[in-house]
Amino acid sequence: MVNISRGINYSVLPQLPFNLSGTVLCLCPMQSQMQFSAGYGSHLPNYSAPSGHYSQVPHKAAASHLDNQYRASYYPNYYSAPAQNVMTSVGSNVLNAQESQQLYNSTPHTGGSSDRPVQGAISSASYLHMSAQQSYSAFDNHYSTSVSSSVASQGFPLNSDHYAMPMVSGAMYPNVSYPAVAAGGVYGQTFTSQNLPAVGQLKETNAFSSQSTSVPHSLQQHVPVGHNKTLPTVSSAQSVQDKLSRNLTGSVAKYGGYVNNQASSAPAPLSSSSDDEEEDEEDEEAGWFSPCFHPLKLFLPLRQSITLTHQPSKASKPFGYGYPALQPGYQNATPPTPVQPSNPGHHPGVNQLSSSLGGLNLQHSQQPESLRPVNLTHDRNILPVSSVPAPVPNLNSDLRKLNCSPDSFRCTLTNIPQTQALLNKAKLPLGLLLHPFRDLTQLPVITSSTIVRCRSCRTYINPFVSFIDQRRWKCNLCYRVNDVPEEFMYNPLTRSYGEPHKRPEVQNSTVEFIASSDYMLRPPQPAVYLFVLDVSHNAVEAGYLTIVCQSLLENLDKLPGDSRTRIGFITFDSTVQFYNLQEGLSQPQMLIVSDIDDIFLPTPDSLLVNLHESKELIKDLLNALPNMFTNTRETHSALGPALQAAFKLMSPTGGRISVFQTQLPSLGAGLLHSREDPNQRSSTKVVQHLGPATDFYKKLALDCSGQQTAVDLFLLSSQYSDLASLACMSKYSAGCIYYYPSFHRSHNPAQAEKLQKDLKRYLTRKIGFEAVMRIRCTKGLSIHTFHGNFFVRSTDLLSLANVNPDAGFAVQMSIEESLTDTSLVCFQTALLYTSSKGERRIRVHTLCLPVVSSLSDVYAGADVQAVVCLLANMAVDRSVSSSLADARDALVNAVVDSLAAYMSTASNLQQSMLIAPNSLKLFPLYILALLKQKAFRTGTSTRLDDRVYAMCQMKSQPLVHLMKMIHPNLYRIDKLTDESTIHVNDRVVPQPPLQKLTAEKLTREGAFLMDCGSIFYLWIGKNCDNNFIKDVLGYPNYASVPQKMTQLPEVDAPSSERTRSFISWLRDSRPLSPVLQVIKDENPAKTDFFQHLIEDRTEAAFSYYEFLLNIQQQICK
Amino acid sequence: MESVVFIFSLIDCCALIFLSVYFIITLSDLECDYINARSCCSKLNKWVVPEVIGHAVVTVLMLISLHWFIFLLNLPVATWNIYRYIMVPSGNMGVFDPTEIHNRGQLKSHMKEAMIKLGFHLLCFFMYLYSMILALIND
């Protein structure tokens, strides 16, 4: 039947440093003779799985044999669709970054380079094996039916206020729901409703979380079993909506891509039915970019008439393909029209149209959803039932499918204003929020000897370029016409020549290239880890060393790296101690350098040692270290000299320095003095010392950054430690910062547990070395400010010594030249890094957004979460450079200005009411939440370090985590029912609705869970049902529940099971596993919990309603 | 005596002009990505203090020699120079900070500032030249 080419094997081995030539080979015709297996894209994992088996077997014949064998054994039932996509020799593959990471680590290293391919293959294969089956089973049949976006699903049971017309939205859902499933359930839950011609039934598939690699087969059962199930309540419908819109662009895009491949890879009986349609889409896309526009085949008469009447010159606008989802016939009913400010409630164009188009009221209710006016002071229930979805750019369905996932790439305005003047009028910030190195469950990896880029702006080829003819493509960023290289003409997906537009680079907006030596300034560095540990009295007292050493011991084999991985340790108190771990020594040697004014390395060669060669010595050291300093009386801390030593040690190679510090550095270079005045903690006026006290740490960070070394700071301190100064070492060297206030191993078990969990993630997560990131945007836009942890080396080049999957970035943009002559703008981030396996890779994300010329369209496309996150970043800058009061004012002004601007566009609105467009209805709430956040609050006692840490978090957290930090999710969990559940793996996960963050929602009879991102609070009411306490908490009554409880016992009762599955589902959706804290009324931690109820009034701050009145007052002024 | 004052001012002014040109060239190098922010800033920060001193000396000299008009002309610029130098936050590496220079349009404002200073110094140059010739003739 179908064989897998060796191309896959190679493509599964991206971790191997010098195996690239093999992949290059794949592109030559010889390879094309082979039969490629199905499984490009989401299918890949399935097929890549066997690669592990036969990568040990060098021969093709053997490979195919094994392949069959494998298929027989793993997917006997599911291989019903031989049409599944063709895996290509390009070496696209799908890697669950996180998973594979773990598996690399679990693979023992034997050291020899010749062994590596096999190892890598096995490890990725073994992982893929797991996730593969999941996606496979979920997708098996969908593929053939999902070919076109216009396959309308019937009876999609969603009915939500976001999509007023259920039928209409149904048309879109099928496309949308796959990605979530295949994405490995980044969000843990998915829902698929699909009208399958083949099967002829409605099917609900419930998927799994990305973290849970177990239960591979469970889904296979779900697929058939779950059919005919409709969602019982709106709540899960909402959550689905959330999922789908989050996953929409990027993942859908991929499917679109795969589907295309499938359709064109004709040996496919199943796909033949969809073939034509697909071809149409393909044509459409080609026509899309070509100078002369061909009218869309699907919607002929309407489209033409409308475009002609309104804006014939802009027939090419992607606008007008309808807001989120329309049935094909109506999609074209919304061409771009000039602003008609009179009626914000409806899309201006719609009014004109509805008269001429008679029965198209459908459109009427569709488009204005994001513009529907919401009276904020009257409408109190603005919070959605499930989490807030990211808005979907108003592009045509092809482009939307291809677009980048909003999880990696989000813009504050999904409709880009045409001119800076228009942007100024809207009073909303324009910027991007990036999460480029996020753990992905699927990622096409491309190996090719030439990476196709624009000759003038160096943009990577992406789905949004246009092919003028077979041999030329036009860059979508600078509009230069480039030649298509010979190699690119060959399309390994279809094994045909002359179809450059079907290459995976052009079908996926998120791709990873394996870079050639052109992208290296030096040979790829090995993974090098240096741990710098505080061992002063304070540190020993806090007892963190035990946890760190224990975690390291446990995860030593899982540290990302290859056979060259090196590791070293430095400890310091008033002196600096080095550890000689050279292979051959019987035990680790400690070398003490007491000359901290002029630090030197005692034995430069043997301090950083090969992890594998000296493993025993390292283990000895880690076992001995916690007890080595138990009786120390040294209270000083010479952090500066220790860091200088660390820098000297690391500078030849680069790598990662992890610093553990427990107090204010008091000796040597970089010593700091306490700047905090405890009496000023709750001051409402001036908060000083938010900036660094010295430039020592900044200089050090820049030196480190220059030598490709990142410094990660773990601050475990009970007193003020001047995080504002210390944080500089991580901020500018692209490190990350962890802060554990009042850390003590036994007195504060919650923090200890958090450190343990954070360390586990920290040590095992993927890491990229010597990275640079460049953000390019369409000519006319320019980036003027960057937020995040990095050093801006030149105007658009960010230097990242290390990059980790938990780092987020933000940029602010301005419109330099008017964008009137373009209808689309694109943004591209390219992250070039060295993987832990010593391989140079480029991860490219491309986002495409429409340009609009009317103010109401700008508001319609506003992404309120992105806006709030960007504003938070800007406010941090402002509070450091100017003052906290300024930053707070600026935040309030941002709401006031934008709402006032919106209300002024709508002349018929009653000025006495506070009206916001639906897209921005949460804006005031989020801003109030920001003002009450630790970083910006005044009046409430806040320790300076806590405040600074919150600011650091805002700058470096990706959007999803930041939003939880700003506005936590509150759920009532004492009455979880089996209604409105979703299925994850074989678990049933209840979906309680989101509650407003106000004490009014708390009842003494209930139990509430608050998800703050990094911590869960479980608040138990005084009169909470004893059954709940007994079943879930495992105690007989309220009084007997202990004060410090961080675990839920495993009780065999339905309510306990539901609660635990809900909490673990929440945990699975994020990289850092949060700590659970049970809170009773008399618990001191109660204040932490109640501080998060941001809609309530506190002594120092407004309630939500007061805040709205305040805004209204300011607008009327 | 007066001529000596102006000859000195003229030389000082020449130096300041060269310095302004150097600032502009270095900043535009950074803009065009020929040098990196780190080296650009360390180059420029070296010359911030000499610039402040050079300008302050002329200003004081004009005050001493009772050339009120020229003194008042120089005063705002000298004050700005000193203010800028003093107001550098403690954590920054100088007036030009490599971590900030690409943010919030700082590069552009530095550039603009250098341009304005260049114009100002050119104006001063001709004024000193004229005054010097006048003084020499009077002597």
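Residues numbered from 1 in each chain as written. Chains lettered and ligands numbered in written order. Predicted model: local features only at pLDDT ≥ 70, side-chain atom pairs only at ≥ 80, totals over all residues. Heavy atoms only, no water.

1. Quick look at the overall build of chain A
Counting its regular elements, chain A contains 37 helices and 36 strands. Counting only residues that meet the buried cut, chain A has 68% of its 1117 residues in that class. When contacts within chain A are restricted to residue pairs at least 6 apart in sequence, those whose partners lie at least 24 apart make up 77%. (Helix = DSSP H or I, 4+ residues; strand = E, 2+ residues; numbered from the N terminus. Buried < 20%, exposed > 50% of the residue type's maximum accessible area, 1.4 Å probe, protein only. Contact = heavy atoms within 4.5 Å.)

2. Overview of the overall build of chain B
A count of helices and strands for chain B gives five helices and zero strands. Put simply, chain B runs from its N terminus to its C terminus through helices and strands in the order α-α-α-α-α. With the C-alpha coordinates aligned to their principal axes, the bounding extent of chain B is approximately 55 × 30 × 20 Å. Contacts in chain B between residues far apart in sequence, at least 24 positions, make up 77% of those at least 6 positions apart. On chain B, roughly 7,200 Å² of surface is accessible, and the fraction owed to carbon and sulfur atoms is 76%. (Areas by Shrake-Rupley, 256 points an atom, 1.4 Å probe, with all protein chains shown as cover.)

3. With respect to helix α21 (residues 544–555) of chain A
With twelve residues, α21 of chain A should cover 16 Å at 1.5 Å per step; its first-to-last C-alpha distance of 17 Å lies within 8% of that length. The buried fraction of α21 of chain A is high, at nine of twelve residues. (Expected span 1.5 Å × (residues − 1).)

4. Observations regarding the UniProt feature "transmembrane region" (unreviewed entry) in chain B
This chain's UniProt record puts "transmembrane region" (unreviewed entry) on residues 5–25, 52–75 and 118–137 of chain B. Along residues 118–137 of chain B, the helical share is 100% and the strand share 0%, with 28 Å between the first and last C-alpha atoms. (UniProt positions renumbered as here; feature names shortened; annotations may be inferred.)

5. Here's the deal with the packing of aromatic side chains
All names here are of chain A. All chains considered together, the criterion is met by 27 aromatic pairs over all chains. With 5.6 Å between their ring centres and 20° between their planes, Phe-531 and Phe-569 make a pair best called stacked. Of this pair, Phe-531 sits in strand β14 (residues 528–534) while Phe-569 sits in strand β15 (residues 566–572), placing them 38 residues apart in sequence. Over the face of the ring belonging to Tyr-762 we find Arg-656, whose NZ or CZ atom lies 4.2 Å from the ring centre. One cation-aromatic arrangement involves Lys-1080 over Tyr-1038; the distance from NZ or CZ to the ring centre is 5.0 Å. (Phe/Tyr/Trp six-rings, centres within 6.5 Å; stacked < 30°, edge-to-face > 60°. Lys NZ or Arg CZ within 6 Å of the ring centre and 35° of its normal.)

6. Quick word on the side chain of Ser-509 of chain A
All names here are of chain A. Considering the arrangement of structural elements, one finds Ser-509 in the loop between α19 (504–507) and β13 (510–514). Owing to a relative accessible area of 2%, Ser-509 belongs among the buried residues under this scheme. Reaching out from Ser-509, the side chain makes a polar contact with the backbone nitrogen of Cys-404 at a distance of 3.1 Å. Setting aside chain neighbours within four positions, we find Ser-509 in contact with Leu-402, Asn-403, Cys-404, Pro-463, Phe-464, Val-844, His-845 and Thr-846. (Polar contact = N/O pair within 3.5 Å; in protein donor to acceptor, adjacent residues only side chain to side chain.)

7. Side note on the packing of helix α1 (residues 2–31) of chain B against helix α3 (residues 48–64) of chain B
Residues and elements named next belong to chain B. Where α1 meets α3, the axes come as close as 10 Å, and the angle between the chain directions of the two elements is 150°. In terms of orientation, α1 lies roughly antiparallel with respect to α3. Remark: the crossing between α1 and α3 carries left-handed chirality. Contact residues: Val-5, Phe-6, Phe-8, Ser-9, Asp-12, Leu-16, Leu-19 and Phe-23 in α1; Val-48, Glu-51, Gly-54, His-55, Val-57, Val-58, Leu-61 and Met-62 in α3. Residues belonging to the contact of α1 with α3 are distributed by class as follows: eleven nonpolar, three polar and two charged. (Axes fitted to C-alpha atoms, helices over the stretch in contact; angles between N-to-C directions. Parallel < 35°, antiparallel > 145°, perpendicular 65-115°, else oblique. Left-handed = near helix turned anticlockwise from the far one by under 90°. Nonpolar A, V, L, I, M, F, W, Y, C, P; charged D, E, K, R; others polar.)

8. Structural notes on the UniProt feature "domain: Sec23/Sec24 beta-sandwich" (unreviewed entry) in chain A
Taking the numbering used here, the UniProt-annotated feature "domain: Sec23/Sec24 beta-sandwich" (unreviewed entry) corresponds to residues 768–852 of chain A. Summarising residues 768–852 of chain A: 0% helix, 71% strand, and an end-to-end C-alpha distance of 38 Å.

9. Let's talk about the interface of chain A and chain B
How big an interface is tends to be stated in terms of the accessible area lost upon association of its parts. Facing the 20 residues of chain A at the interface are 18 residues of chain B. At the boundary of chain A with chain B, total buried surface from both sides reaches about 1,600 Å², with 50% on carbon and sulfur atoms. For chain A, the biggest contributors to the area lost against chain B are Lys-698, Phe-791 and Thr-795 of chain A; these three give 25% of the whole. For the pair chain A and chain B, the number of links is three salt bridges. With its nearest N and O atoms 2.9 Å apart, the salt bridge here joins Arg-38 of chain B to Asp-703 of chain A. In this structure, the connection of chain A to chain B is made through five residue pairs in polar contact (both at pLDDT 80 or more). Elements that contribute at least two residues to the side of chain A that touches chain B include exactly α24 (696–706), β23 (781–787) and β24 (791–794) of chain A. Here the residues of the side of chain A that touches chain B sort into seven nonpolar, five polar and eight charged. (Buried area = accessible area lost by both parts, 1.4 Å probe. Salt bridge = Lys/Arg side-chain N within 4 Å of Asp/Glu carboxyl O.)

10. Topic: the side chain of Ser-551 of chain A
Assignment of secondary structure puts Ser-551 of chain A in helix α21. Setting aside residues up to four positions removed in sequence, Ser-551 of chain A forms contacts with Gln-756, Leu-759 and Leu-763 of chain A.

11. Let's talk about the sheet that holds strand β9 (residues 472–474) of chain A
Residues and elements named next belong to chain A. The strand order β8-β9-β10 describes an open sheet built from three strands, whose pairing is antiparallel. In this open sheet, the two edge strands, each paired with only one partner strand, are β8 (466–469) and β10 (481–483). When strand polarity is set aside, the average angle formed by the axes of neighbouring strands in this sheet is 35°. Pairing of β8 with β9, which is carried by three bridges, proceeds in the antiparallel orientation. Pairing of Phe-467 across the sheet is with Trp-473, part of β9. (Pairing = 2+ DSSP bridges.)

12. Examining helix α4 (residues 68–86) of chain B
Each α-helix winds once per 3.6 residues, and so residues spaced three or four apart point in a common direction. Residues and elements named next belong to chain B. For α4, spanning 19 residues, the distance from its first C-alpha to its last is 26 Å, which sits close to the expected 27 Å at 1.5 Å a residue. Along α4, the largest kink reaches about 35° and is centred on Leu-75; proline Pro-76 follows within four residues of it. Residues of α4 that are buried sit in contact with α1, α3 and α5 (106–138). (Bend = angle between axes of the 7 residues up to and from the residue.)

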